[in-house]
Amino acid sequence: MSGDDVSRILEQIEKDRVKFIRLQFTDIIGMAKNVAIPAKQAEKALTDGISFDGSSIQGFARIEESDMVLKPDISTYRILPWRPDTMRAARFICDIYTPKGKPFEGDPRYILRKQVEEAAKMGYIFNTGPELEFFLFRQEDGKPSLELQDTGGYFDLAPTDLAEDVRRDIIIALTDMGFDIEASHHEVAESQHEIDFKYGDALMTADNVITFKFATKTIALQRGLHASFMAKPIFGINGSGMHTNCSLSTMDGQNAFYDPAAPLQLSDIAMKFIAGILKHVKAITRVANPTINSYKRLVPGYEAPVYIGWSASNRTALVRVPAPRGRSTRVELRSPDPTCNPYLTFAAILAAGLDGIKNDLEPPKSADKNIFHMTAGQRKDEGIDTLPGSLFESNQFLMADPLICNALGSHIVENLNLIAEIEWDSFRTAVTDWETKRYLATY
Ligand code: ADP
Ligand code: MG
Ligand code: MG
Ligand code: MG
Ligand code: MG
């Protein structure tokens, strides 16, 4: 960062009458973290960075090497629109460095940066367009409840869609923070919503996912509601996904997935990218679906993907090629859910896609029939495999996939492994309601 950049942003901070600055970053499990500093510390933050103790952040560092430095990315300067004007606050998203000035291997943003650079070496920019779904629950006594806020359904209008006002406020806040909102609608389940924003390069979009989640939670809370991005909060109704639309563009801005002369108008590059995703999707699942609960969404009957396949005509396929072509030519991976760390998820998807390109992988025949209507035998004949059924399984697939492990780096992989083991053990040993209902009276 040049001295000019620093003075320009310092002037902006003063002009905006900002009192507090939040230095934001993301931990390994995708939680937004921040430290607040008074605006007069901005210069120090922008030049030397701000030190913090990494040992108290999940998956960061051991005690003996815990000093970390936050360095703001000045392109991420945004006013937090929900803070009062008299107490104006702005945020920067930060990159994390070791005290020796090296990028920290446990910083998910750095992991994505590295993968994006890998794509750039091959002449590509990776674009993602995530579609985040979420539920609005009522807050009761200051805590989230499972009380649904409305009983609307897909694309419903007020008065069923009580959330119209909340959604509008969320959209206003996001727009103030620089989002280009494309659409918003009531989702299929009661009290479930989707707000779509325009795709962009993967690093910016991953930042946006984090901002989207905390802005949505903040605005909802102002209206006594809890916005939940949990993958499957209620048994029996659709869970929440984070479909991830992906494309590569060349440095001159052409969509590298579009080829008007090719079958389906999908370029060779697009086909190889699809093949790479399908090859590595079981390992990708560990990061795209990182909670025990994530796997309760990936079951038949609720529009979520279960079987490994791709299609340009079938909406239920794991990898779908939506109809638009030209600039909008893209590949949609439908398995990720919004509990994922977007930096790690995008890095894993990109690494897989690039592997497909580097090694000229070919995708299997597309699965254009509704796979959910096939019998187990038919799926076997067609060679259609299934996604991992649990965090335990997907973690094993990650450990067995050197390419994805290498993309995430050993620091992240070791921590993901540890987290999965602890989480799985806690779940495996818990005695649940389901078990007591099923067995207590009978035995
Ligand atoms: P769906 O039909 O799956 O519900 P949506 O319309 O809700 O799709 O969302 C589509 C997403 O894809 C949007 O975020 C949009 O910006 C994004 N998108 C459009 N073109 C591209 C592209 N070339 N690369 C990546 N994402 C794209
Ligand atoms: Mg959508
Ligand atoms: Mg749509
Ligand atoms: Mg949706
Ligand atoms: Mg979609």
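Numbers given for residues are sequential positions, taken from 1 along each chain in its written order. Lettering of chains starts at A and numbering of ligands starts at 1, both following the order in which they are written. Predicted model: local features are reported for residues with pLDDT of at least 70 only, side-chain atom pairs are reported and counted for 80 or more only, and whole-chain, interface and lining totals are derived from all residues. Excluding hydrogens and water, the side-chain figures rest on all heavy atoms present in the structure.

Caption draft 1: Looking closely at helix α1 (residues 3-15). Starting at the N terminus, helices and strands are each numbered in turn, a helix being any DSSP run of H or I of at least four residues and a strand any DSSP run of E of at least two. Expected helix span is taken as 1.5 Å per residue step, with the number of steps being one fewer than the number of residues. Taking 1.5 Å per residue, 13 residues should reach 18 Å; α1 reaches 18 Å between its end C-alpha atoms and fits that length. Along α1, the residues classified as buried are Val6, Ile9 and Ile13. Seen end-on, α1 carries its buried residues on one side only, within an arc spanning 75 degrees. Exposed side chains of α1 directed beyond 90 degrees from the buried face belong to Gly3, Asp4, Glu11, Glu14 and Lys15. The criterion used for residue contact is that any of the two residues' heavy atoms lie within 4.5 Å. Buried residues in α1 make contact with β1 (20-26), α2 (42-47), β4 (67-79) and β5 (89-97). Within two residues after α1, Arg17 carries a phi angle of roughly 50 degrees, on the positive side. Think of it in three bands: residues with accessible area under 20% of the maximum for their type are buried, residues over 50% are exposed, and the middle band is partly exposed, with areas taken using a 1.4 Å probe on protein chains only. The reported arc concerns the directions from the helix axis to the C-beta atoms and nothing else.

Caption draft 2: Focus on the layout of surface pockets. Taken as a whole, the largest pocket encloses approximately 770 Å³ of empty space. Glu131, Glu194, His243, Arg320 and Glu332 are the residues nearest the centre of the largest pocket, which is lined by 38 residues in total. Within the residue set of the lining of the largest pocket, elements represented by two or more residues are β6 (124-140), β8 (181-186), β9 (192-197) and β12 (242-250). For the lining of the largest pocket, the residue count by class is nine nonpolar, 14 polar and 15 charged. Points on a 1 Å grid over protein atoms alone make up a cavity when a 1.4 Å probe fits among them but cannot get out, and a pocket when they form an open set with protein on both sides within 12 Å along at least five of seven lines; lining residues each have an atom within 4 Å of a point. Grid points are joined across faces, edges and corners, and a volume is the space filled by probe spheres set on the points. By volume, the second largest pocket amounts to about 650 Å³. Mapped onto the lining of the second largest pocket, the elements with two or more residues apiece are α5 (202-222), β11 (225-228), α6 (268-288) and α12 (410-429). A class-by-class count of the residues in the lining of the second largest pocket yields 15 nonpolar, eight polar and four charged. Both domains that meet at the lining of the second largest pocket, namely domain 1 (3-104) and domain 2 (113-408), each give it at least three residues. Residues are sorted three ways: Asp, Glu, Lys and Arg are charged, Ala, Val, Leu, Ile, Met, Phe, Trp, Tyr, Cys and Pro are nonpolar, and all the rest, Gly among them, are polar. Where each domain begins and ends is defined by an automated method or by a domain database.

Caption draft 3: Here's a closer look at the coordination of the magnesium ion (ligand 4). Looking at the magnesium ion (ligand 4), the protein donor atoms are Glu133 (OE), Glu187 (OE) and Glu194 (OE), and they sit 2.0 to 2.3 Å from it. Here a donor is an N, O or S atom found within 2.8 Å of the metal, or within 3.2 Å if the metal is Na, K or Ca; sites may look incomplete because water is not among the atoms. Of note, the donors binding the magnesium ion (ligand 4) are all from one chain and are spaced E-x53-E-x6-E. Separating the magnesium ion (ligand 4) from the magnesium ion (ligand 2) is a gap of 3.8 Å, which Glu194 spans by donating to each of them. On the criterion of sequence distance, the pair formed by Glu133 in strand β6 and Glu187 in the loop between β8 and β9 is long-range, its members being 54 residues apart. Comparing Glu133 with Glu187, the two get one shared label, buried.

Caption draft 4: Quick peek at the coordination of the magnesium ion (ligand 5). Coordination of the magnesium ion (ligand 5) by the protein involves Glu131 (OE), Glu131 (OE), His243 (ND1) and Glu332 (OE), with metal-donor separations of 2.0 to 2.6 Å. Ordering the donors of the magnesium ion (ligand 5) by residue number gives the pattern E-x111-H-x88-E.

Caption draft 5: Expanded view of the site of ligand 1. Nearness here has a simple test: a residue counts as near a molecule or strand if at least one of its heavy atoms is within 4 Å of that partner. Lining the immediate environment of ligand 1, one finds 19 residues, of which Glu182, Asp196, Phe197, Ser247 and Arg320 sit closest. A 3.5 Å cut-off defines polar contacts: any pair of N or O atoms within that distance qualifies, except that in protein one atom must be a possible hydrogen donor and the other a possible acceptor, and neighbouring residues in sequence count only when both atoms are side-chain atoms. Here an oxygen atom of ligand 1 and a side-chain polar atom of Asn245 are 3.3 Å apart. Taking Glu332, its side chain carries an N or O atom lying 3.0 Å from an oxygen atom of ligand 1. Here the criterion for a molecule occupying a pocket or cavity is that more than half of its atoms lie within 2 Å of the pocket grid points. The site holding ligand 1 turns out to be the largest pocket. Listing elements by their share of the shell around ligand 1, those giving two or more residues are β6, β9 and β12. Residue composition of the shell around ligand 1, by class: two nonpolar, seven polar and 10 charged.

Caption draft 6: Expanded view of the pairing of β12. Of all nine residues in β12, eight are buried, a share of seventy percent or more. When β6 meets β12, the two strands line up antiparallel, connected through nine bridges. Note on β12: the bridge partner recorded for Gly129 is Asn245. Relative to strand β16 (residues 331-333), β12 runs antiparallel, the two being bridged by three bridges. From the neighbouring strand, Thr244 faces β16, where its bridge partner is Leu333. When DSSP finds two or more bridges between two strands, those strands count as paired.

Caption draft 7: Region of interest: the UniProt feature "binding site: Mg(2+)" (unreviewed entry) in the protein chain. UniProt positions are given in the numbering used here, feature names are shortened, and annotations may be inferred rather than shown by experiment. Here, UniProt's "binding site: Mg(2+)" (unreviewed entry) annotation points to Glu131, Glu133, Glu187, Glu194, His243 and Glu332. Those annotated residues lining the largest pocket are, specifically, Glu131, Glu133, Glu187, Glu194, His243 and Glu332. Within the local environment of Glu133, its side chain forms a polar contact with the backbone nitrogen of Gly241, the two atoms lying 2.9 Å apart. At a separation of 3.0 Å, a polar atom in the side chain of Glu332 contacts the side chain of His243.

Caption draft 8: Examining the packing of helix α4 (residues 164-176) against α5 more closely. Look at α4 against α5: their axes get within 9 Å of each other, and the N-to-C directions meet at 135 degrees. Overall, the two elements α4 and α5 adopt an arrangement that is oblique. Handedness of the crossing formed by α4 with α5: right-handed. Between α4 and α5, the contacting residues are Val166, Asp169, Ile170, Ala173 and Leu174 on the first element and Phe212, Ala215, Thr216, Ile219 and Ala220 on the second. Helix axes are fitted to C-alpha atoms over the stretch in contact, other axes to C-alpha atoms as well, and angles between N-to-C directions run from 0 to 180 degrees. When describing relative orientation, an angle under 35 degrees is termed roughly parallel and one over 145 degrees roughly antiparallel, while 65 to 115 degrees is termed roughly perpendicular and anything else oblique. Should the near helix be turned anticlockwise from the far one by less than a right angle, the crossing is termed left-handed; should it be turned clockwise, right-handed.

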